[in-house]
Amino acid sequence: RRPLVVAIDGPAASGKSSTAKWVARELGLRHVDSGSLYRAATAAALRTEPESARWTEASVLAAAAPIHLVPGETTFHPHLGDEDLEFVIRGKDVTSHVSQVAQMPAVRAWVNRQVQATAEGHPIVVDGRDMGTAVFPQARVKVFLIADPWERARRRLVQRLQRAPEEAEIAAEVDALTQRDAKDEAQTQQASDAVLIDTTYLTQEEQVERIVALARAAL
Ligand code: C5P
């Protein structure tokens, strides 16, 4: 039997994590955000060595070793020892260094093992770049979310600023997103059997409904 996994992939700020969390709540499943582990590894690496030019695959892996996922209400949070990293990993410093860490094959293998372990014995909703390909090639449900860059930037800013962003702010955010997309391109893979959903003109509720319907039909 194919594992009870709903895999949601897509580029930065495509709404994967918030959508995945909501889908998990609707279905009564747990949610794993694979990007949170790349971010947590980056946060740990920054604490050990602030100068990222000095990072090696081995040093990042050593810094990340004590990180583990702890189940929260719906979403697993990365912890470093007793410390919940969920807040620090959303900071600018982590975001600007995470693509460097995500290119390290040993780090990818470490993240993939952590994520796969959460699915043992529990159905999960998981989001990332390669969940439907590298990590869960047999996932029961696979979705690939895309959206127009302007709309992705606008949504991200509304979330961050809690107000309607100005055009110049959106333009700057489009640049930042496009740069991260370019760095993450090699990692971002649409599975041939994934359902492609363009969310540009969908509300979050509509996206969630579509995925929940796919999942109910398949699980
Ligand atoms: O999704 P989020 O923006 O939190 O992901 C942070 C970074 O982690 C991405 O920019 C990417 O470099 C990396 N990532 C990845 N593969 C995944 C999830 C995230 O390479 N499955």
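It should be emphasised that the depicted structure is a prediction, and the values quoted were computed from it without experimental measurement.

**Q** When you look at the overall build of the protein chain in this model, what are you seeing that I'm missing?
**A** Helix and strand counts for the protein chain stand at nine helices and eight strands. Relative to the globule expectation of 17 Å for 219 residues, the C-alpha radius of gyration of the protein chain, 17 Å, shows essentially globular dimensions. Expressed as lengths along the three principal axes of its C-alpha atoms, the size of the protein chain is roughly 50 × 45 × 30 Å. Counting across all 219 residues of the protein chain, residues that qualify as buried make up 40%.

**Q** How should I be thinking about the UniProt feature "binding site: ATP" (unreviewed entry) in the protein chain in this particular structure?
**A** Listed under "binding site: ATP" (unreviewed entry) in the UniProt record, and renumbered for this structure, are Gly-10, Pro-11, Ala-12, Ala-13, Ser-14, Gly-15, Lys-16, Ser-17 and Ser-18. Considering the arrangement of structural elements, one finds Ala-13 in the loop between β1 (5–9) and α1 (16–27). Apart from the residues lying within four places of it in its own chain, the contact partners of Ala-13 are Arg-152, Ala-153, Arg-155, Arg-156 and Leu-177. Position of Ser-14 among the secondary structure elements: in the loop between β1 and α1. By the C-beta count within 10 Å, which is 28 here, Ser-14 ends up buried. Beyond its immediate chain neighbours, meaning those up to four positions away, Ser-14 contacts Leu-145, Ile-146, Ala-147, Arg-152 and Thr-199.

**Q** Explain the sheet that holds strand β5 (residues 83–84) to me, please; I cannot follow it from the model alone.
**A** Taken in spatial order, the three strands make up an open sheet running β3-β4-β5, and their pairing is antiparallel. Strands with a single pairing partner mark the edges of an open sheet, and in this sheet they are β3 (67–71) and β5. The pairing of β3 with strand β4 (residues 76–80) spans five bridges and is classified as antiparallel. For Val-70, the partnering residue across the bridge sits in β4 and is His-77.

Conventions used here
Residues numbered from 1 in each chain as written. Predicted model: local features only at pLDDT ≥ 70, side-chain atom pairs only at ≥ 80, totals over all residues. Helix = DSSP H or I, 4+ residues; strand = E, 2+ residues; numbered from the N terminus. Rg over C-alpha atoms; globule rule 2.2 N^0.38 Å. Buried ≥ 20, exposed ≤ 12 C-beta atoms within 10 Å, placed from the backbone. UniProt positions renumbered as here; feature names shortened; annotations may be inferred. Contact = placed C-beta atoms within 7 Å. Pairing = 2+ DSSP bridges.

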